[in-house]
Amino acid sequence: VQLQASGGGLVQAGGSLRLSCAASGRTFSTYTLGWFRQAPGKEREFVAAINWSGGSTNYADSVKGRFTISRDNAKNTVLLQMNSLKPEDTAVYYCAAARAYYSDYKVFSGGMDYWGKGTLVTVSS
């Protein structure tokens, strides 16, 4: 599976952005998909995950209620709608895929099987 994230940019605090991740591979619909982020000087962290069907999701506490992950298996894409953005959301965002249950520790800990190149999100105060 090859992944490519896009949609990053500069936004003011309180604004919104939608990240998109396009994937290749005929088995896309069988993977758990996730979004992760890495802020300057910090370790990469889990943001959100979605199961193979899109029916189950998990979020980091820091983004719960503000971010929404979704997927379209027909289009091989996974989205991250980000609302009410804060300066602390500034980071490079990565999409990733794993052959794992969406709530497995493997997913939360970033042990994904495939990673895309990141897209930079900058939130100004």
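Before reading on, note that the structure itself is shown above.
Within any chain, residue numbers begin from 1 and follow the written order of that chain's sequence. For this predicted model, a pLDDT threshold of at least 70 governs which residues receive local features, and a threshold of 80 or more governs which side-chain atom pairs are given and counted, while totals over whole chains, interfaces and linings are taken from all residues. In computing side-chain values, all of the structure's heavy atoms are included and hydrogens and water are not.

Engineer: Would you explain the sheet that holds strand E1 (residues 2-6) in this entry?
Structural biologist: Each strand in a sheet pairs with another by means of backbone hydrogen bonds, the pair being arranged parallel or else antiparallel. The antiparallel open sheet is built from 4 strands, whose spatial order is E1-E3-E8-E7. Every interior strand has two partners, whereas the edge strands, E1 and strand E7 (67-72), have only one. Averaged over all neighbouring strand pairs, the angle between strand axes comes to 15 degrees, with direction disregarded. As judged from the 6 bridges shared by strand E3 (residues 17-24) and strand E8 (residues 77-82), these two strands associate in the antiparallel manner. Strand pairing follows a simple DSSP-based rule, namely that at least 2 bridges must link the two strands. Numbering of helices and strands starts at the N terminus; helices are DSSP runs of H or I of at least 4 residues and strands are runs of E of at least 2. Geometry is summarised by axes, namely lines fitted to C-alpha atoms with helices restricted to the contacting stretch, and by angles between N-to-C directions that run from 0 to 180 degrees.

Engineer: Can you help me understand the packing of aromatic side chains in this one?
Structural biologist: Describing an aromatic ring pair means giving the distance of the ring centres and the angle of the ring planes. Working definition: rings of Phe, Tyr and Trp (its six-membered ring) pair if their centres are within 6.5 Å, and the pair is stacked with planes under 30 degrees apart, edge-to-face with planes over 60 apart, and tilted otherwise. The tally for this structure, following the rule as stated, stands at 5 aromatic pairs. Centre to centre, the rings of Tyr 31 and Tyr 114 are 5.8 Å apart; their planes meet at 75 degrees, and the pair counts as edge-to-face. In this pair, Tyr 31 is assigned in the loop between E3 and strand E4 (32-38) and Tyr 114 in strand E10 (residues 114-115), connecting sequence segments 83 residues apart. For the exposure calls, accessible area comes from a 1.4 Å probe over protein chains only, and a residue counts as buried if that area is under 20% of its type's maximum, exposed if over 50%, partly exposed in between. You can call Tyr 114 partly exposed: its relative accessible area is 32%. Through a chain of ring-to-ring contacts, the aromatic side chains of Phe 36, Phe 46, Phe 108 and Trp 115 assemble into a single cluster. When the NZ atom of lysine or the CZ atom of arginine is within 6 Å of a ring's centre and also within 35 degrees of its normal, the charge is said to sit over that ring. The cationic tip of Arg 44 hangs over the ring face of Trp 115; the distance from NZ or CZ to the ring centre is 3.7 Å. Seen from the ring of Phe 28, Arg 71 lies directly overhead, with NZ or CZ sitting 5.0 Å from the centre.

Engineer: What am I meant to see in the state of the cysteines here?
Structural biologist: Disulfides are covalent bonds that connect the sulfur atoms of two cysteines. Put simply, a disulfide is two cysteine sulfurs that come within 2.5 Å. On inspection of all chains with the given rule, the structure shows 1 disulfide. What pairs with Cys 21 in a disulfide is Cys 95, and their sulfur atoms sit 2.0 Å apart. Judged by the sign of its S-S torsion, about 55 degrees, the bond between Cys 21 and Cys 95 is right-handed. Of this pair, Cys 21 sits in strand E3 while Cys 95 sits in strand E9 (residues 91-98), placing them 74 residues apart in sequence. Of the two residues, Cys 21 and Cys 95, both sit in the buried class.

Engineer: Could you clarify how one ought to interpret the environment of Gln 2 in this entry?
Structural biologist: With respect to the helices, strands and loops of the structure, Gln 2 is situated in strand E1. Sequence separation between Gln 2 and Cys 21 is 19 residues, and the spatial gap between their C-alpha atoms is 9.9 Å.

Engineer: For this particular structure, what's the right way to read the pattern of salt bridges?
Structural biologist: Opposite charge on two side chains lets them pair, provided their charged atoms get close. Salt bridge, as used here: a side-chain nitrogen of Lys or Arg that lies within 4 Å of a carboxyl oxygen of Asp or Glu. Enumeration over the complete set of coordinates arrives at 5 salt bridges. The partner of Glu 45 in a salt bridge is Arg 37, and the shortest N-O contact between them spans 2.6 Å. The salt bridge involving Asp 89 is made with Arg 37; its shortest N-O contact spans 2.9 Å. Separated by 52 residues along the polypeptide, Asp 89 in the loop between E8 and E9 and Arg 37 in strand E4 bring together distant segments of the chain. The exposure classification of Asp 89 matches that of Arg 37, with both residues buried. Through salt bridges with shared partners, a single network forms among Arg 37, Glu 45, Arg 66 and Asp 89.

Engineer: Whenever I open this one, unusual backbone geometry confuses me. Can you help?
Structural biologist: When glycine is set aside, most residues are seen to have a negative phi, and most peptide bonds are trans. The backbone of Asn 76 shows a phi angle near 55 degrees, a positive value even though the residue is not glycine. Of note in this structure, Ser 84 is not a glycine but carries a positive phi near 50 degrees. As for its position among the elements, Ser 84 is in the loop between E8 and E9.

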